[in-house]
Amino acid sequence: MAEGAPAAAGSGSSLLHGDKAWPDDDEPGFATYRATVSLYAASLPVYFSYRWCCSIAWHLPGVRAYQAFVCACEVYGACCVLLLGIIRFRRPWASQQPRPPSTDADGDLILGADAPGAHAFQGPFDVAVLIPCCSEPDDLVFGTVRAALALRHPLATRVTVWLLDDGAKPSRSERLARLAQPANARYVARPKSKPHHGKAGNLNYTLRHVLYPQGPAPNAVLVVLDCDQEPHADFLEQTLPYLHTQPRTALVQTPQHFYNVVPSADIFNHHNGSFFYAVQPGLDAWEATVCCGTNFVARSAAVCEVGWFPTESITEDFLLSMKLSAAGHVVRYHAAAAVTGEAPEDLRQVFKQRSRWCCGCFQVFLHPQTPRLLARLRPMQALCYLNAPLGYLGTVITLPLWAVVPVLSLAAGLHPVQALTPAFIASWCVYYALIVAVCDLMPPRLNRHLSAFTASKANASFWACYALAIGSAVVGAVLPSMQMQFQTTEKRGFSADASLRRAAPPPPACAPPGFVDNASSSASYHPSSPYHPSSSLETEPLTVDASSGIRHLIYTEAARGANGGTATLARLAAPAEEGSAGKEEAGLQPNGRPVAPAEGAEARDSSFRDVRFHAAAVLAALAVLGLHLPDAHAEGSSRGVNLALLSAVWLLLNVLPLALPLAYALLPHSYRLHQKAVRAAWFSHSALTCLVAVLLLQHLVLCQRSHRSSSGRHSHRYPGEVDDCVNTYQ
């Protein structure tokens, strides 16, 4: 079946892949990942059969309940990892250079009878760009407005920008009127009402009462951008071809990318590369892509069909994906960064944002109508969407458990297994290695070691806010009056780190004659911007930065002959050049914008109380080690010392990620310092992991020596009896 052709009714075949089990764009590593997932699935029954039957002290009533509980939690975590592997099985990660459908190798749209699925062509489209805003700084808002006004594409007959202002600032209306002609930009401030429904309510008011009061036309398309998310010039080029050639496609999501976070210093995993470049491509292969609330294009008629944006949850984007899928539409994912935004830098805003995501996810699945919604999905689609709450719940259950287990081993002599036999050590090492491979296996272009490390450890930083968010969702389901309401994540419009830059958008083509935007002209036409007419960057080719897997502008002499053509200009998210020191001394960022005022840094530092949980956990772990490690050494038993050291190292491994938020709160806001903190944590984690391996090998040597000495003293052994060196309860 051609990619653009609709699936036959009732055939059950996939719009994306026809009758094949997985997509056509296989890479050599895909087979390796699928083999790893298959091996992991096959190993689970073997490992847990041994774990349940042989590693639990069933003859000790006071111990078996604890060990059985630990084993049950381990089973739950293993099932979550298996579900992740199944999701990624069809398409384990994003292609190196993703192209929208019906485009050639240069990214040009293929038109005419030769195009795949030409009979299914739809369009051209009437595009409405919706930019909801509230209390954000005006310069931040109008940076996005200016970039949106510059969007053009042959498939778009008209592009109209709608500024949806919940802050109701008259100055914004006046500034928008100066920025663009009324036919190209509109201002909407909805009347205050209850219930408010936050962002979803803001969007729905404009869609229902202003933009489409009589319902949308078949060619109507909407784009949603948060007010800090500036679209690249090729945003429509990357997204509209999906709607043009695939009639069932209702929404196309693109990744999130941030100018003020360097991937190797991304302590809180803002870029979320494992999700956007591994999980989302897998979800897309199962036709269960998750909408992220911004940076997407959608058919207005399809969104209208499901009642516009849902208000049952504060994560309206996630629920919208489910409703569109349940209605028979397809939500697609295009894994090329076509928008650049701003990540929150204030600790309180970071935790508030993640708490809202978690709480909203559970609001969806605790809603009484959700079972009916899931019943309308294919089984695999339902499992894909269930992966989100199961993942949050797994974090809340397993992370504290793996920290408490070594504490109980050190402080109370209560161990999770009855014996560290060679068979158990070997099976556990294989099991643990397969878990790491299933979760983190990606090509180096997507999975550099520092960014991969922060991505794998970030959930530990959010354990407390996840736990509180789940509790809030449960209470809200029982008592609707206490349900968490939508709260905007505050953005500043600049980075506290002056060495990070954000290129300004181009001047709008639809501006009135002689237009000059005094409030942003200095930021928009500074010589260092690639949009400046005198900039030589406009003739340079666009290449892919292999260090992060994210589309950047990398300008090299070697790339000139390889790629040719004019680059599509994207925002930059990279350290400034060495020559930017003069601008910093002059009080300017490298892009010409003012350096953050002093009160901004003070506000960030004042949120240190948001990491009190992390500080208490780290101090408690150090206190346990200080109190009980000397006692283990005083016993003089090599077996006891070895087990105590193993528990201590395991405790440090689980507590180490909590030190990163503390470093973020205590250190000055500089990506270089954050990068050093991440690097130090990565080296510490690697050293501790190696130490665990050494201690396990040492334990096996002790067991072998004990076995040889005991074999000379005993002629036989009772069934089930184990050596003293491996039995943790002898």
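In this text the structure is predicted, and so the values were computed from the model without any measurement.

(A) Local environment of helix H5 (residues 198-211). Along its 14 residues, H5 runs 19 Å from first to last C-alpha, staying within 8% of the 20 Å computed at 1.5 Å per residue. Buried residues dominate H5, accounting for 10 of its 14 residues. The complete set of buried residues in H5 reads Gly198, Lys199, Ala200, Gly201, Asn202, Leu203, Asn204, Thr206, Leu207 and Leu211. Buried positions along H5 lie against strand S1 (125-133), strand S2 (156-165), strand S3 (185-188), strand S4 (220-224) and helix H9 (316-326).

(B) The arrangement of empty space enclosed by the protein in detail. Applying the stated criterion across every chain yields a total of four cavities of 30 Å³ or more. For the largest cavity, the lining is made up of 17 residues, of which Asn260, Val261, Ala265, Tyr664 and His674 are closest to its centre. Residue composition of the lining of the largest cavity, grouped by class: nine nonpolar, five polar and three charged.

(C) View of unusual backbone geometry. Of note in the backbone geometry, Asn269 takes a positive phi value of approximately 55 degrees without being a glycine. Within the secondary structure, Asn269 is located in the loop between strand S6 (249-253) and helix H7 (273-285). Given the relative accessible area of 9%, Asn269 is considered buried. Residues other than glycine seldom take positive phi values, yet Glu287 does so here, at roughly 60 degrees. Tracing the backbone through its elements, the reader meets Glu287 in the loop between H7 and strand S7 (296-299).

(D) Summary view of the pattern of salt bridges. Tallying each qualifying case throughout the model produces 14 salt bridges. Residue Asp126 is joined to Arg158 by a salt bridge in which the shortest nitrogen-to-oxygen separation is 2.7 Å. Of this pair, Asp126 sits in strand S1 while Arg158 sits in strand S2, and the two are 32 residues apart along the sequence. You can call Asp126 partly exposed: its relative accessible area is 23%. For Arg158, a relative accessible area of 43% translates into the label partly exposed.

(E) Molecular detail of the side chain of Ser300. Tracing the backbone shows Ser300 in helix H8 (residues 300-305). On the basis of relative accessibility, which here comes to 0%, the residue Ser300 falls in the buried class. Setting aside its immediate chain neighbours within four residues, Ser300 contacts Tyr212, Pro216, Ala220, Val221, Leu222 and Trp308.

(F) Local environment of the sheet that holds strand S8 (residues 330-333). As summarised here, the arrangement of the seven strands in space is S3-S2-S1-S4-S7-S6-S8, forming an open sheet in which the pairing is mixed. Of all the strands in the sheet, the pair left with one neighbour each is S3 and S8. Adjacent strand axes in the sheet meet at a mean angle of 20 degrees when their direction is disregarded. Judged from the four bridges that link them, S4 and S7 form a sheet pairing that is antiparallel. When the sheet's bridge partners are listed, Leu222 is paired in S7 with Ala298. Here helix H3 (residues 138-149) sits on the sheet and contacts S1, S2 and S3; the angle it forms with S2, its principal contact strand, is near 170 degrees. Each of S6 and S8 touches H7; the most contacted strand, S8, lies at about 150 degrees to it.

(G) How the structure looks around the pairing of S2. Most of S2 is tucked away: eight of the 10 residues are buried. Summarising the sheet, S1 and S2 pair through nine bridges and their orientation is parallel. Bridge assignment links Val127 to a residue of S2, and that residue is Val159. Handedness of the crossover is the feature at issue here: the chain leaves S1, passes through H3, returns alongside S2, and the resulting connection is right-handed. The pairing of S2 with S3 spans four bridges and is parallel. Considered in S3, the bridge of Leu164 is made with Val188. Handedness of the crossover is the feature at issue here: the chain leaves S2, passes through helix H4 (residues 170-179), returns alongside S3, and the resulting connection is right-handed.

(H) Region of the structure containing the nonpolar core. Core analysis: the biggest nonpolar cluster contains 105 residues, and Tyr40, Phe268, Met322, Phe365, Tyr385, Tyr431 and Phe462 have the highest contact counts within it. With 14 residues, helix H21 (residues 638-666) is the single largest residue contributor to this core. The residues touching Phe268, leaving out its near neighbours within four places in the chain, are Leu347, Val350, Phe351, Arg354, Ala458, Phe462, Pro661 and Tyr664. Among the nonpolar cores identified, the runner-up in size contains 33 residues, and Val129, Ala148, Ala185 and Leu240 belong to it.

(I) Representation of the pairing of S8 in the model. Burial along S8 is two-sided: the face carrying Val330 and Arg332 and the face carrying Val331 and Tyr333 are both buried. In this structure, S6 lies alongside S8, joined through four bridges in parallel fashion. Across the sheet, the residue bridging to Leu251 is Val331, located in S8.

(J) Region of interest: a nonpolar patch on the surface. Where nonpolar side chains cluster on the molecular surface, the patch consists of Leu366, Val474, Val475, Val478, Leu479 and Met482 and spans about 520 Å² of accessible area. Sorting elements by how many residues they give to the nonpolar patch places helix H15 (residues 463-478) first, with three residues. Of note, Val474 is situated in helix H15.

(K) How the structure looks around the packing of aromatic side chains. Here the structure, examined in full by the defined rule, presents 23 aromatic pairs. Ring centres 5.1 Å apart and planes at 75 degrees place the aromatic pair Phe30 and Trp93 in the edge-to-face group. With Phe30 in helix H1 (residues 28-54) and Trp93 in the loop between helix H2 (61-87) and S1, the pair connects residues that are 63 residues apart, well separated along the chain. Across the pair, exposure class does not vary: Phe30 and Trp93 are buried alike. Ring geometry for Phe351 versus Phe462: centroids 5.7 Å apart, planes at 75 degrees, classification edge-to-face. Taken as a pair, Phe351 in helix H10 (residues 347-366) and Phe462 in the loop between helix H14 (449-461) and H15 lie far apart in primary sequence, 111 residues in all. For the residue pair Phe351 and Phe462, the accessibility class agrees, reading buried in each case. Cluster of aromatic residues (ring-pair linked, three or more members): Phe268, Phe351, Tyr392, Phe462, Tyr466 and Tyr664. Between the NZ or CZ atom of Arg90 and the centre of the ring of Trp286, over which it lies, the distance is 4.1 Å.

(L) Looking closely at the packing of H1 against H2. The interhelical angle for the contact between H1 and H2, taken along N-to-C directions, is 165 degrees, at an axis separation of 10 Å. Here H1 is positioned roughly antiparallel relative to H2, judged by the angle of their axes. Crossing hand, H1 versus H2: left-handed. Note on element contacts: H2 touches H1 through Ala68, Val70, Cys71, Glu74, Val75, Ala78, Val81, Leu82, Leu84, Gly85 and Ile86, opposite Tyr33, Val37, Tyr40, Ala41, Leu44, Tyr47, Phe48, Arg51 and Trp52.

(M) How the structure looks around the environment of Phe142. Tracing the backbone shows Phe142 in helix H3. Among residues more than four places away in sequence, those in contact with Phe142 are Leu163, Arg172, Arg175, Leu176 and Leu179.

(N) Summary view of H7. Compared with an ideal rise of 1.5 Å per residue, which puts 13 residues at 18 Å, H7 spans 18 Å between its outermost C-alpha atoms and is within 8% of the ideal. Val279 marks the point of greatest bend in H7, at about 35 degrees, and the proline Pro281 comes within the next four residues. Among the 13 residues in H7, 12 count as buried, and that is most of the element. All of the buried residues in H7 are Gly273, Phe275, Phe276, Tyr277, Ala278, Val279, Gln280, Pro281, Gly282, Leu283, Asp284 and Ala285. Where H7 is buried, its residues contact H2, S6, S8 and helix H12 (379-412). Of the residues one or two after H7, Glu287 is the one with positive phi, at around 60 degrees.

Calculation notes
Residue numbering note: each chain is counted from 1, following its sequence as written. Only residues with pLDDT of 70 or above have their local features reported here, since the model is predicted, and side-chain atom pairs are shown and tallied only from 80 upward, although totals for entire chains, interfaces and linings are computed over all residues. Think of the side-chain values as coming from all heavy atoms in the structure, minus any hydrogens and water. Strands here mean DSSP runs of E at least two residues long; helices mean DSSP runs of H or I at least four residues long; both are numbered from the N terminus. To estimate the expected span of a helix, count its residues, drop one, and scale the result by 1.5 Å. Burial classes follow relative accessibility: with a 1.4 Å probe on protein chains only, a residue under 20% of its type's maximum area counts as buried, one over 50% as exposed, and anything between as partly exposed. Any two residues whose heavy atoms approach within 4.5 Å are treated as being in contact. Here a cavity means grid points, on a 1 Å grid over the protein atoms only, where a 1.4 Å probe fits yet cannot get out; a pocket means an open set of points with protein on both sides within 12 Å along at least five of seven lines; lining residues are those with an atom within 4 Å of a point. Grid points are joined across faces, edges and corners, and a volume is the space filled by probe spheres set on the points. The nonpolar class holds Ala, Val, Leu, Ile, Met, Phe, Trp, Tyr, Cys and Pro. Asp, Glu, Lys and Arg form the charged class, and all remaining residues, Gly among them, are polar. In what follows, salt bridge is the name for a side-chain nitrogen of Lys or Arg lying within 4 Å of a carboxyl oxygen of Asp or Glu. A strand pair is defined by DSSP finding two or more bridges across the two strands. Convention adopted: a line fitted to C-alpha atoms gives each axis, helices being fitted over their contacting stretch, and angles between N-to-C directions are expressed from 0 to 180 degrees. When the strands point away from the viewer and the path from the first strand over the helix to the second turns clockwise, the crossover is right-handed. Grouping buried Ala, Val, Leu, Ile, Met, Phe, Trp, Tyr and Cys residues that are joined through side-chain atoms within 4.5 Å yields what is termed a nonpolar core. Each patch groups residues whose relative accessible area exceeds 30% and which form no salt bridge, using 9 Å between like charges and 5 Å between nonpolar side chains of Val, Leu, Ile, Met, Phe, Trp and Tyr. For every accessible area listed, the method is Shrake-Rupley and the probe measures 1.4 Å; residues are considered covered only by the protein chains on display. Aromatic contacts are taken between Phe, Tyr and Trp rings whose centres are within 6.5 Å, Trp giving its six-membered ring; a plane angle under 30 degrees counts as stacked, one over 60 as edge-to-face, and the others as tilted. Ring-over charges, as used throughout, are those where CZ of Arg or NZ of Lys falls within 6 Å of the ring centre and within 35 degrees of the ring normal. For classification purposes, angles smaller than 35 degrees are called roughly parallel, those larger than 145 roughly antiparallel, those between 65 and 115 roughly perpendicular, and all remaining angles oblique. Left-handed describes a crossing whose near helix is turned anticlockwise from the far helix through less than a right angle; right-handed describes the clockwise counterpart. Axes are fitted to the seven residues ending at a residue and to the seven starting at it; the angle between these axes is taken as the bend at that residue.

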